[in-house]
Amino acid sequence: QKEVEQDPGPLSVPEGAIVSLNCTYSNSAFQYFMWYRQYSRKGPELLMYTYSSGNKEDGRFTAQVDKSSKYISLFIRDSQPSDSATYLCAMKRTGTASKLTFGTGTRLQVTL
Amino acid sequence: DAGITQSPRYKITETGRQVTLMCHQTWSHSYMFWYRQDLGHGLRLIYYSAAADITDKGEVPDGYVVSRSKTENFPLTLESATRSQTSVYFCASREDRNYGYTFGSGTRLTVV
């Protein structure tokens with residue numbers, strides 16, 4: 001079983017919809033949680049970063065962490081065609097030497 | 001330009017050949033990483049480096065060699081390329097206290 005599980009999709013939604021992307025994990029030592037967005041033939045770029053449990057909002061994006069359920073979510077409000085990309089969750093334990101563990105990514109397509 | 005650059009962007013090589021992928025960052029970040037990205041596997045860590053002359057294995061190091069004589073450069077060498085090493089390779093870096101990684105644009109390697 002992988003440490004981080006993510007539904008690969010693809011997920012297709014109409015423009016303006018609310019999108020929910022999710023990851024589950026098994027390692028309770030994870031404390032830092034991130035979402036990366038990756039456009040086709042590009043490198044991943046950091047979208048959201050949260051520490052421990054709770055919500056974090058940035059414009060149309062909201063990241064949610066539920067450590068008791070080992071479940072993290074990324075919500076995209078008023079989705080746009082420019083949001084079409086692959087979204088990867090990533091997480092790490094405390095300690096500077098600790099490295100990120102990535103989910104496999106969910107491909108999102110926002111249609112006109 | 002500030003950032004992290006990878007070269008070449010595309011490479012085709014023959015089985016058994018040695019090939020080196022280059023990675024250069026302009027921020028003097030301590031940590032640098034090499035990942036490979038394959039369908040169904042997501043991003044897998046090959047090698048990482050905490051500082052110049054300090055490198056360590058990641059999840060899938062077999063068949064790869066790295067060096068880090070200067071902080072800004074972190075080349076990845078495939079000593080004798082195999083078809084299973086056909087992949088997209090990403091280099092990334094991060095500051096000591098910043099847990100978010102910055103990725104390069106990737107090198108698409110095909111071994112024939």
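None of the values given here were measured: they were computed from a predicted structure.

Chemist: Help me out: how do you make sense of the nonpolar core in this one?
Modeler: Among soluble globular proteins, nonpolar side chains are generally buried collectively. By size, the foremost hydrophobic cluster in this structure holds 24 residues, and its most contacted members are A:Trp35, A:Ile72, A:Leu74, A:Tyr87 and A:Met91. Only strand 3 (19-25), strand 4 (32-38), strand 5 (45-51), strand 7 (61-66), strand 8 (71-76), strand 9 (85-92) and strand 11 (106-111) of chain A provide two or more residues apiece to this core. Contact partners of A:Tyr87, with chain neighbours within four places excluded, come to A:Gln6, A:Leu21, A:Trp35, A:Tyr36, A:Arg37, A:Leu47, A:Leu74, A:Ile76, A:Gly105, A:Thr106 and A:Leu108. Residues A:Ala90, A:Leu100, B:Leu43 and B:Phe90 belong to the second largest nonpolar core, which totals 19 residues.

Chemist: How do you make sense of the layout of surface pockets when you look at a structure like this?
Modeler: Take a probe with the size of a water molecule and roll it over the atoms, and the empty space left behind shows itself. Empty space within the largest pocket amounts to approximately 700 Å³. The wall of the largest pocket is formed by 31 residues, among which A:Gln38, A:Thr86, A:Arg107, B:Gln37 and B:Leu39 lie closest to the centre. When residues of the lining of the largest pocket are traced back to their parent elements, those giving at least two are strand 9 and strand 11 of chain A together with strand 4 (31-38), strand 9 (87-94) and strand 11 (107-111) of chain B. Counting residues per element, the lining of the largest pocket draws most heavily on strand 11 of chain A, which supplies four residues. Considered class by class, the residues forming the lining of the largest pocket number nine nonpolar, 16 polar and six charged.

Cut-offs and rules
- Each chain has its residues counted from 1, following the order in which its sequence is written.
- Following the order in which they are written, the chains are lettered starting with A and the ligands numbered starting with 1.
- The predicted origin of the model limits local features to residues at a pLDDT of at least 70 and limits the giving and counting of side-chain atom pairs to 80 or more, whereas totals for whole chains, interfaces and linings rest on all residues.
- Calculated side-chain values reflect all of the structure's heavy atoms, with hydrogen atoms and water omitted.
- Among buried residues, the Ala, Val, Leu, Ile, Met, Phe, Trp, Tyr and Cys ones that are joined through side-chain atoms within 4.5 Å form a nonpolar core.
- Exposed residues in this analysis have more than 50% of their type's maximum accessible area, buried residues have under 20%, and partly exposed residues fall in between, with area computed by a 1.4 Å probe over protein chains only.
- Numbering goes from the N terminus for both helices and strands, where a helix is a DSSP run of H or I of at least four residues and a strand is a run of E of at least two.
- Two residues qualify as a contact provided that any one of their heavy atoms is within 4.5 Å of a heavy atom in the partner residue.
- A cavity, in this analysis, means grid points on a 1 Å lattice covering only the protein atoms where a 1.4 Å probe fits yet has no way out; a pocket is instead an open set bounded by protein on both sides within 12 Å along at least five of seven lines, and a residue lines either one if it has an atom within 4 Å of a point.
- Grid points are joined across faces, edges and corners, and a volume is the space filled by probe spheres set on the points.
- Under this grouping Gly is polar, as are all residues other than the nonpolar Ala, Val, Leu, Ile, Met, Phe, Trp, Tyr, Cys and Pro and the charged Asp, Glu, Lys and Arg.

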